[in-house]
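# Overview (structure and organization)
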Amino acid sequence: MQAFTARLDLCFVSDKPSDDQPSASEIPDDVWEQFTRDTERDIRASAPKEPSARARMVTERLRQQDARGETPPGWRTDSARQERNVRTARRRKVWAVVGVPVAIALALVALKPSLLPGDPFGTGEPQAADISPLPAETSAPTAAPGASDSETPTLDEPFAGSPALRWADGEAGIVLPEAKAVGAVSEGRVEQALKLTKKLLVGANLDPGTVRGARPEAALSVLEPQQPGTVDDLETALRSPSEEHDPLTLFSRFDPDQVRLVGDVIKTRGRMTFGKGSHGGVAVHADYTFVYPVMRADGSTEVARTIVRRAVDVELPDPARYRVTAGRLILLKYDEEIGNSSCDVHDGYLHPAFPSSRDEGAPPTGPTTDPYDRSRSLDNDDACGAVSRT
């Protein structure tokens, strides 16, 4: 009996409650004492008892009779009844052990009903099932996302309080439309143009090396090297960034000595369309927003978010009609809008403001915009404005 109780005590010690659950010490003393008395009574009632000397003698005599073939009638005839007894005994033993944690769980639920899955008592606490991903964007939005809650982003929940919480992760947010032939341009060429455009977007905005400030090799590899003034300008911007030659116009980059990404997820949302190009090929328009959760490289736990929206127009020209490199895109136009990054630093990196340093730097002079509002068209206003949320 004592050994059995000791095993139960060990279960209590090893089954330590989590931080979200109330400990046993939070249960009222009178309830706990009554619970202890009831538990000990149940254990005594269900625990196996040492057989008496007479019972041992009877058992030995019956064993010897059975060995001689003299088993009394009915000892083995009701096999179903014997099996029921065995199962019942096992069930009692299991209940004697399992019943204690179950009783504790019931007491914990009484103190904190929200521990039950599904919030059956309507406590109002958000459930994981409520945070369902949004379907892919197939047309231009007509309004900004609804207001988010006021949760502060953390290292564990970097997208808390952001509409991007329901956006797709990384490349999964770049969903290609179904390729179809455009005039004389075959379906295969259209599909190639779409895949190259996705490679450009991923290499410029999602590639881990690019985000950490490395040279965006994958993005540059899909651009036409013979296009006048395009690749050369981008190379100059990467080599010697300045206000005039800024790599941030096409690439999302953070200085790894100052800022690093929180986790490995960048939220992505947008759409891609295509049509007939002006160079005998297929033109592709891409409009995507990327949300980067970041922290200071010094180990601070403060989390901020930078939101970058890009609209890119490219074309895969007809190599039979134009002197171009096969399988390379012509970059026709690219616009960007960056939310939560310093306007007066031109070193080729994004510089997010953290909550504790919002008042540092030059004050914004432009209008306040919602960086999550994808229903707005991107303009060419270079004024340094403010964001309504991050």
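Scroll up for the structure.
Criteria and thresholds
- Residues numbered from 1 in each chain as written.
- Predicted model: local features only at pLDDT ≥ 70, side-chain atom pairs only at ≥ 80, totals over all residues.
- Heavy atoms only, no water.
- Helix = DSSP H or I, 4+ residues; strand = E, 2+ residues; numbered from the N terminus.
- Buried < 20%, exposed > 50% of the residue type's maximum accessible area, 1.4 Å probe, protein only.
- Contact = heavy atoms within 4.5 Å.
- Disulfide = S-S within 2.5 Å.
- Patch = residues over 30% accessible without salt bridge, like charges linked within 9 Å, V, L, I, M, F, W, Y side chains within 5 Å.
- Areas by Shrake-Rupley, 256 points an atom, 1.4 Å probe, with all protein chains shown as cover.
- Salt bridge = Lys/Arg side-chain N within 4 Å of Asp/Glu carboxyl O.
- Lys, Arg positive; Asp, Glu negative; His and termini not counted.
- Charge placed at Lys NZ, Arg CZ, Asp CG, Glu CD.
- Expected span 1.5 Å × (residues − 1).
- Phe/Tyr/Trp six-rings, centres within 6.5 Å; stacked < 30°, edge-to-face > 60°.
- Polar contact = N/O pair within 3.5 Å; in protein donor to acceptor, adjacent residues only side chain to side chain.
- Pairing = 2+ DSSP bridges.
- Core = buried A, V, L, I, M, F, W, Y, C linked by side-chain atoms within 4.5 Å.

## Concerning the overall build of the chain
The helix and strand tally for the chain stands at 8 helices and 8 strands. Per-residue burial for the chain yields a buried fraction of 33% across its 390 residues. Taking the contacts inside the chain whose residues are at least 6 apart along the sequence as the reference set, 65% of them involve residues at least 24 apart.

## Points about the state of the cysteines
Considering all chains together, one arrives at 1 disulfide under this definition. Bridging Cys343 to Cys384, the disulfide has an S-S length of 2.0 Å. Taking the sign of the S-S torsion, about 75° here, the bridge from Cys343 to Cys384 comes out right-handed. Residue Cys343 is found in the loop between strand S6 (330-339) and strand S7 (368-369), and its partner Cys384 is found in the loop between S7 and strand S8 (386-387); the two are separated by 41 residues along the sequence.

## Remarks on a negative patch on the surface
A cluster of acidic residues, Asp149, Glu151, Asp156 and Glu157, forms a negative patch on the protein surface. Looking at the element boundaries, Asp156 is found in the loop between helix H4 (79-111) and strand S1 (168-169).

## Quick notes on helix H5 (residues 187-205)
Helix length check: H5 (19 residues) gives 27 Å between terminal C-alpha atoms against 27 Å at 1.5 Å per residue, within 8%. Residues Val190, Ala193, Leu194, Leu196, Thr197, Leu200, Leu201, Val202, Gly203, Ala204 and Asn205 constitute the buried set of H5. For H5, the secondary structure elements touched by its buried residues are helix H6 (208-211), helix H7 (217-220), strand S3 (267-276), strand S4 (282-296) and strand S5 (303-316).

## A short note on the packing of aromatic side chains
On inspection of all chains with the given rule, the structure shows 2 aromatic pairs. When the ring of Trp167 is compared with that of Tyr372, the centres are 5.8 Å apart and the planes differ by 75°; the resulting orientation is edge-to-face. One end of the pair, Trp167, is in the loop between H4 and S1; the other, Tyr372, is in the loop between S7 and S8, with 205 residues separating them in the sequence. We note that Trp167, like Tyr372, is buried. Look at Phe254 and Tyr292: their rings are 5.6 Å apart centre to centre, the planes differ by 65°, and that puts the pair in the edge-to-face class. Here Phe254 is found in the loop between helix H8 (231-239) and strand S2 (259-261), whereas its partner Tyr292 is found in strand S4, with 38 residues between them in sequence.

## Description of the environment of Gly281
Locating Gly281 in the fold gives a position in the loop between S3 and S4. When the C-alpha positions of Gly281 and Ala184 are compared, they lie 8.5 Å apart, and in sequence the two are 97 residues distant. Discounting residues that sit within four places of it in the chain, Gly281 has contacts with Val185, Gly275, Lys276, Glu315, Leu316, Pro317 and Asp318.

## Brief notes about the side chain of Asn340
Mapped onto the fold, Asn340 is located in the loop between S6 and S7. We classify Asn340 as buried; its relative accessible area is 9%. Polar side-chain contacts of Asn340 include one of 3.0 Å to the backbone nitrogen of Ala353.

## Focus: the side chain of Arg310
Along the polypeptide, Arg310 turns up in strand S5. Of note is the side chain of Arg310, whose polar atom sits 3.0 Å from the backbone oxygen of Leu248. Looking at Arg310, its side chain comes within polar contact range of the main-chain oxygen of Phe251, at 3.0 Å. When sequence neighbours within four positions are dropped, the list of residues in contact with Arg310 reads Asn205, Leu248, Thr249, Leu250, Phe251, Ser252, Ala286, Asp287, Tyr288, Asp335 and Glu336.

## Some words on the pairing of S5
Burial analysis of S5 places 13 of its 14 residues in the buried class, the great majority of the element. Two elements, S4 and S5, share 14 bridges in a ladder whose sense is antiparallel. Within S5, the position partnered with Val291 by the bridge is Ile307. Connecting S4 to the next strand, S5, in antiparallel fashion are 6 residues, including Gly299 with a positive phi near 95°. Pairing analysis gives 9 bridges linking S5 to S6, with the strands arranged antiparallel. When the bridges of S6 are listed, Ile307 appears paired with Gly339.

## Quick word on the pattern of salt bridges
Evaluation of the coordinates by the stated rule reveals 14 salt bridges. Salt-bridge contacts for Asp287 lead to Arg309; the nearest nitrogen and oxygen are separated by 2.8 Å. Here the residue Asp287 occupies a position in strand S4, and Arg309 occupies one in strand S5, the gap between them amounting to 22 residues. Between Arg374 and Asp287 there is a salt bridge; the shortest N-O distance is 3.1 Å. One end of the pair, Arg374, is in the loop between S7 and S8; the other, Asp287, is in strand S4, with 87 residues separating them in the sequence. Across the pair, Asp287 and Arg374 agree in class, each one buried. Salt bridges linked by common partners bring Glu137, Arg269, Arg271, Asp287, Arg309 and Arg374 together as one network.

## A short note on the nonpolar core
Phe251, Met272 and Tyr292 are the most contacted members of the largest nonpolar core, which totals 44 residues. Contributing elements (two or more residues each) for this core: H5, H7, H8, S4 and S5. The element contributing the most residues to this core is H5, with 8 residues. Not counting residues up to four positions away in its chain, the partners in contact with Phe251 are Ala204, Thr210, Pro216, Ala219, Leu220, Leu234, Leu238 and Arg310. In terms of nonpolar packing, the next biggest core, distinct from the first, is built from 6 residues, Ala164, Trp167, Ile307 and Tyr372 among them.

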